[in-house]
Amino acid sequence: MLEIKNITKKYGQQAAVQNVSFTIGRGEFFCLLGPSGCGKTTILRMIAGFEKASSGQILLEGSDITALPPNKRDVNTVFQNYALFPNFDVYSNIAYGLRIRKKPDDEVLARVEKMIQLAGLQGFEKRMPGQLSGGQQQRVALARALINEPQILLLDEPLSALDKKIAEQTRLELAELQRKTGITFIFVTHNQTEALALADRIAVMNNGLIEQCDPPREIYEHPKTRFVADFIGNMNMLSGKIIHAEKDNTLIQLEDAGTVRFKGTGLFESAKEVLFCIRPERMKLSLTEPKDYENSLGATIRSKAYLGDVTRFSLGLHNGKTINIITQNYLLRLSNEFFEEGEEVFVNWSQTSGELIYA
């Protein structure tokens, strides 16, 4: 539905976006994710027409819209600050786009009532924006944008102004609204949790480039670059060298910490420097070296933090490197092993856990 072809945006000699290409399907919830200044909002503004691309093309349904002004593009934008009209009530804010297009009164009434139902704003029609919570204001902004039935809705950090609990609830409402309308959403955020929870696909950006573009599970389970591995979730990264490699069986010598085996897709080259990456929740602790795990390293517990449902352990390997492990507290209760600071333990995981990335 939307194709971004070799888009570049420069401010003077500085490239905010560098030769980026990707496609988005009809009805997809697509997320641009990355740290501040990585270029994600610049891409959104170029799609909306608020910024002019230095080079490249933007195609909507095969038509080149790169040079079209914003009002000629069949896209709407929900901004970070919602930009509601403070002197209009909820009903009038939502109806604004239809009024501008001079739609008949009966059509305006029917469509606004339908959108109020979809957005869960029943009973708020006569309230002014200043009388609404942040989450309610966001729903009004969404309803106002969606009532024009754009082909694409652009969302620029729409949850960043909300506190955590309201943001989590609004996230659920946003996903439901997208499913009900079937409209293509392009969502910009620096919050990895939002992206993983909402998106059909995520484009992870860094320094004006897309480092990886995949479904959330693929991004989390199989990061392709060091930046993606480090940016998405918590990751332990251990440097090493491949000493033996064949399909589904790779032996890695870690820096002064022993060897580990890895079983995964792809064939790696012997003698290559690599990063072995593994999530904290994929590793287990034991007081004795187990026989039922394929990888095991000795370590010392440096600290532990009780977080309610989980406990986070910080451990020092024998080579001095620090790794983290997250364990469900119900598993600790079942095993009656709670592990204390200063204890010598073993860190264990299977060959299929983790990922290898060339250093």
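Undergrad: I'd like to hear about the overall build of the protein chain, residue by residue, with values.
TA: If you tally the helices and strands in the protein chain, you get 9 helices and 20 strands. Every one of the 359 residues in the protein chain was classed for burial, and the buried ones make up 47%. Of the roughly 17600 Å² that the protein chain leaves accessible, carbon and sulfur atoms contribute 47%. Between the averaged position of the 42 positive side-chain charges in the protein chain and that of its 43 negative side-chain charges there is a distance of 5 Å.

Undergrad: Which residues make up the packing of aromatic side chains, and what are the values?
TA: By the definition in use, this model includes 10 aromatic pairs. Aromatic side chains Phe29 and Phe185 sit 5.4 Å apart centroid to centroid with 55° between the ring planes, which places their arrangement in the tilted category. With Phe29 in strand β3 (residues 29-33) and Phe185 in strand β8 (residues 184-189), this residue pair connects regions lying 156 residues apart in the sequence. Looking at Phe29, the relative accessible area reads 2%, which means it is buried. With centroids separated by 5.3 Å and ring planes inclined at 55°, the aromatic side chains of Phe85 and Phe88 adopt a geometry described as tilted. Taking relative accessible area as the criterion, Phe88 reaches 27% and is therefore assigned partly exposed. Between the NZ or CZ atom of Lys126 and the centre of the ring of Tyr91, over which it lies, the distance is 5.8 Å. Over the ring of Phe85 we find Arg144; its NZ or CZ atom is 5.1 Å from the centre of that ring.

Undergrad: Any chance you could break down the pairing of strand β13 (residues 258-262) for me, citing the residues and the numbers?
TA: When strand β12 (residues 249-254) meets β13, the two strands line up antiparallel, connected through 5 bridges. From the neighbouring strand, Gln253 faces β13, where its bridge partner is Thr259. Connecting β12 to the next strand, β13, in antiparallel fashion are 3 residues, including Asp256 with a positive phi near 55°.

Undergrad: Provide a residue-level description of the nonpolar core, including the pertinent values.
TA: By size, the foremost hydrophobic cluster in this structure holds 46 residues, and its most contacted members are Ile94, Val112 and Leu153. Residue contributions to this core peak at 6 residues, all from helix α4 (residues 134-146). Among all residues touching Ile94, those that are not within four sequence positions of it are Val112, Met115, Ile116, Leu121, Val140, Ala143, Arg144 and Ile147.

Undergrad: How would you summarise the sheet that holds β8 if you had to cite specific residues and measurements?
TA: Taken in spatial order, the 6 strands line up as β6-β7-β8-β3-β9-β10 in an open sheet, and their pairing is mixed. Of all the strands in the sheet, just β6 (75-78) and β10 (209-214) have a single pairing partner and so form its edges. Pairs of neighbouring strands in the sheet enclose a mean axial angle of 20°, with direction left out of account. Two elements, strand β7 (residues 152-156) and β8, share 5 bridges in a ladder whose sense is parallel. Looking at the pairing, Leu153 lines up with Phe185 of β8.

Undergrad: Break down the pattern of salt bridges for me, citing the residues and quoting the values.
TA: Here the structure, examined in full by the defined rule, presents 13 salt bridges. Its salt-bridge partner being Arg45, residue Glu51 comes within 3.4 Å of it at the nearest N-O pair. Its relative accessible area of 32% is what places Arg45 among the partly exposed residues. A salt bridge links Lys321 to Glu255; the nearest nitrogen and oxygen atoms lie 3.9 Å apart. Of this pair, Lys321 sits in the loop between β17 (310-317) and β18 (322-328) while Glu255 is found in the loop between β12 and β13, placing the two residues 66 residues apart along the sequence.

Undergrad: Run through helix α5 (residues 164-181), naming residues and quoting values.
TA: Compared with the 26 Å implied by 1.5 Å per residue over 18 residues, the 26 Å span of α5 between its first and last C-alpha is a close match. Among all positions in α5, only Ala167, Thr170, Arg171, Leu174, Ala175, Leu177 and Gln178 are buried. Projection of α5 onto a plane perpendicular to its axis shows the buried side chains occupying an angular sector of 160°, all on one side. Away from the buried face of α5 by more than 90 degrees, exposed residues Lys165, Leu172 and Arg179 are located. Where α5 is buried, its residues contact β3, α3 (105-119), α4, β7, β8 and α6 (192-198). The first or second residue beyond α5 is Gly182, which carries a positive phi of 75°.

Undergrad: Give a description of the sheet that holds β12 that names residues and reports values.
TA: Overall, antiparallel pairing links the 5 strands, which are arranged β13-β12-β11-β14-β20 in an open sheet. At either end of the open sheet lies a strand with only one pairing partner, and these are β13 and β20 (355-358). Averaged over all neighbouring strand pairs, the angle between strand axes comes to 40°, with direction disregarded. Pairing analysis gives 6 bridges linking strand β11 (residues 236-246) to β12, with the strands arranged antiparallel. Following the sheet pairing, His244 is matched in β12 by Leu251.

Criteria and cut-off values
- Residues numbered from 1 in each chain as written.
- Predicted model: local features only at pLDDT ≥ 70, side-chain atom pairs only at ≥ 80, totals over all residues.
- Heavy atoms only, no water.
- Helix = DSSP H or I, 4+ residues; strand = E, 2+ residues; numbered from the N terminus.
- Buried < 20%, exposed > 50% of the residue type's maximum accessible area, 1.4 Å probe, protein only.
- Areas by Shrake-Rupley, 256 points an atom, 1.4 Å probe, with all protein chains shown as cover.
- Lys, Arg positive; Asp, Glu negative; His and termini not counted.
- Charge placed at Lys NZ, Arg CZ, Asp CG, Glu CD.
- Phe/Tyr/Trp six-rings, centres within 6.5 Å; stacked < 30°, edge-to-face > 60°.
- Lys NZ or Arg CZ within 6 Å of the ring centre and 35° of its normal.
- Pairing = 2+ DSSP bridges.
- Core = buried A, V, L, I, M, F, W, Y, C linked by side-chain atoms within 4.5 Å.
- Contact = heavy atoms within 4.5 Å.
- Axes fitted to C-alpha atoms, helices over the stretch in contact; angles between N-to-C directions.
- Salt bridge = Lys/Arg side-chain N within 4 Å of Asp/Glu carboxyl O.
- Expected span 1.5 Å × (residues − 1).
- Arc of directions from axis to C-beta.

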